[in-house]
Amino acid sequence: MMMGSCEAELFTEIDKLRAELLNNVEVMPGCQRVEEEITYREILSRIENVILGIVTSLSKDEAPVLALPNRSSWANISFDSAIGLQMNSGSSVTSIRSDSPSSVRKFAQILKIFLVIYKLVQSNSYATKRDIYYNNTQLFGSQKTVDSIVDDISCMLKAPRRLLHVMATSKGLISGDLCYLEEDGTRIDCRSGSAAVAVSSNIAGIRNIVSSAKFVMIVEKDATFQRLLDDHFCAKLSPCIIITGKGVPDVNSRLMVRKLWDTLHIPIFALVDADPHGIEIMCIYKYGSVAMSFEAHNLTVPSVMWLGLLPSDLQRLRVPEDALIPLTKRDEDKLSSLLTRPYLTSQPDWQKEMELMQQTKIKAEIQSLAAIAPDFLTNIYLPNKLRYGGWI
C-alpha cells in the first residue's frame, strides 16, 4: 500500500481534476434534477388517461391507436453538454394500431403491461421485468419484447422505470471503498478486496453512502475487472471504487455511476478496449444512448474521463504487434458513425484518438498490455496514468 507523501503525490492530479469538476458543477443550474418526485397518484392518472383514450375511441366506433415516442431515431435527439443526449419534447411517434394485423399483437402486449404496472403502483408492490414476462409468456414471446415495452411506457408516461414499480436484475459488479444501506436496511460493504458486490436492483433506494474514495473507475469488461480484483487494485490505489457493467451497461450500472457522481463528486474514469465498441460503451456512460435519452438526466455523467486504453498508448508503450488486431469493416463503419455524433465536437482530444485509430486501422484489448508484462496493467499502466494525469 502506498503511504504518506507517495500517496499524496499519487492523487495530486486527481485532486486538481476534482477541483475543476466541482467548479463546473457550480455553474450547472440546480444539479439538473428534472424529475421532481412524481406521486403514485399522478402515475395512475397518466395510465388512466391512456386507457380513457382507448375507451373513447371504442365508444365512437373507431379503432384505438397508441402513440409511442420514437426511441430509435437520432432526429428526435438533441445534445446538451451538461446532460448528454436527450429526447426533444416534440419527438416523432410510432402509431400502434389495434386494427392492423402488423401491430395488433404489440397493441395487446402494451395494454397487458399497462395493466400489470397499474396494479403494481396501486398496491405499492414491485416486480422484475422477468416476472412480467412469465406473467404471460405466450403473449410476449420473448423477454426482449417486455424490456422494450417497459421502456416505451416509461418514455410515454415521462416517468422513470422505478416509479412504475418495475425492477431489472442488475448485471454489474462494484468493489472498493464504499458502504451503503439498501432501501430495506441491508448494509452493503464493498471493501472486501477479493470479491465484488452485485450492483443493487434499486439504486434510488440506496442511502447513507459512506466513502473516502478519490476516484471511480468504470471497467468495460468483467474479465479486466476480475483481473484488477485478483491484483488487489483497490488496495494498491486506495481509496477508490471500481465498477463494471460487463460490456454494454444495464440501466442499474449507469444509475449507480450517476448516484456515485451525485453523492461524492469525485472524478470518474473509464477503462475500455481501444476499439470502436469500447469507445461506444464509454460514451453510453458519459452521454447516454438514443434509446434511453428520455431519462438522460438520471443516467448520464458528462464528467467521465477516458483513462485508457488510448489508441496513442499503443504506439507510446510499443505494445507488441502480435497483441494488436486489424480493424474489421464493421469496426471502420462504427468508428465513422461515432465520429459524426453530436457530442464529439466538444471532445477534440477524443476525436484525435479516434482519427488515429482510423489511420492505423488497428485496435487492441486491455489484455494486450499483458504482452508487455503480466502485471503491467495494475502495477505500471494504471498507477502512472492516474499519477501523471494521463486521461483525456
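You'll find the structure just up there.
Residues numbered from 1 in each chain as written. Predicted model: local features only at pLDDT ≥ 70, side-chain atom pairs only at ≥ 80, totals over all residues. Heavy atoms only, no water.

K.L.:
In this structure, what is going on with the overall build of the chain? I would like to understand it.
P.N.:
Within the chain one finds 16 helices and 17 strands. Over its C-alpha atoms the chain spans a radius of gyration of 23 Å, differing by no more than 12% from the 21 Å that the globule rule assigns to 392 residues. Overall, the C-alpha framework of the chain stretches about 75 × 50 × 40 Å when taken along its three principal axes. When the 392 residues of the chain are sorted by exposure, 52% land in the buried category. (Helix = DSSP H or I, 4+ residues; strand = E, 2+ residues; numbered from the N terminus. Rg over C-alpha atoms; globule rule 2.2 N^0.38 Å. Buried < 20%, exposed > 50% of the residue type's maximum accessible area, 1.4 Å probe, protein only.)

K.L.:
Could you clarify how one ought to interpret the sheet that holds strand E9 (residues 187-189) in this entry?
P.N.:
Pairing between sheet strands relies on hydrogen bonds along the backbone, with the strands arranged either parallel or antiparallel. Sheet architecture is open: three strands sit in the order E9-E8-E11, paired in antiparallel fashion. Edge strands, defined here as strands with exactly one partner in the open sheet, are E9 and strand E11 (207-210). Taken pair by pair, the neighbouring strands of this sheet meet at an average axis angle of 10 degrees, ignoring direction. Direction of pairing for strand E8 (residues 179-181) relative to E11: antiparallel, over a ladder of two bridges. By the bridge assignment, Cys179 is partnered in E11 with Val210. (Pairing = 2+ DSSP bridges. Axes fitted to C-alpha atoms, helices over the stretch in contact; angles between N-to-C directions.)

K.L.:
Please clarify how the pattern of salt bridges should be interpreted in this entry.
P.N.:
Pairs can form between side chains of opposite charge whenever their charged atoms are close. Summed over the entire model, instances satisfying the criterion amount to 18 salt bridges. As a salt-bridge pair, Lys329 and Asp333 come within 2.7 Å of each other at their nearest N and O atoms. Highlighted residues: Lys329 and Asp333, both in helix H14 (residues 329-339), separated by four residues, approximately one helical turn. A relative accessible area of 59% means that Lys329 is categorised as exposed. When salt bridges that share partners are traced, they join Arg71, Lys106 and Asp152 into one network. (Salt bridge = Lys/Arg side-chain N within 4 Å of Asp/Glu carboxyl O.)

K.L.:
What is the right way to read the packing of aromatic side chains from this model?
P.N.:
Applying the stated criterion across every chain yields a total of eight aromatic pairs. Where Trp306 meets Trp350, the ring centres are 5.5 Å apart and the plane angle is 75 degrees; that geometry is what we call edge-to-face. On the criterion of sequence distance, the pair formed by Trp306 in strand E15 (residues 305-308) and Trp350 in helix H15 (residues 348-360) is long-range, its members being 44 residues apart. Here the two residues Trp306 and Trp350 agree in accessibility, since each one is buried. Following the ring pairs from residue to residue traces out a cluster consisting of Phe11, Phe215, Phe269 and Trp391. (Phe/Tyr/Trp six-rings, centres within 6.5 Å; stacked < 30°, edge-to-face > 60°.)

The quantities given are spatial measurements derived from coordinates; they are silent on function.
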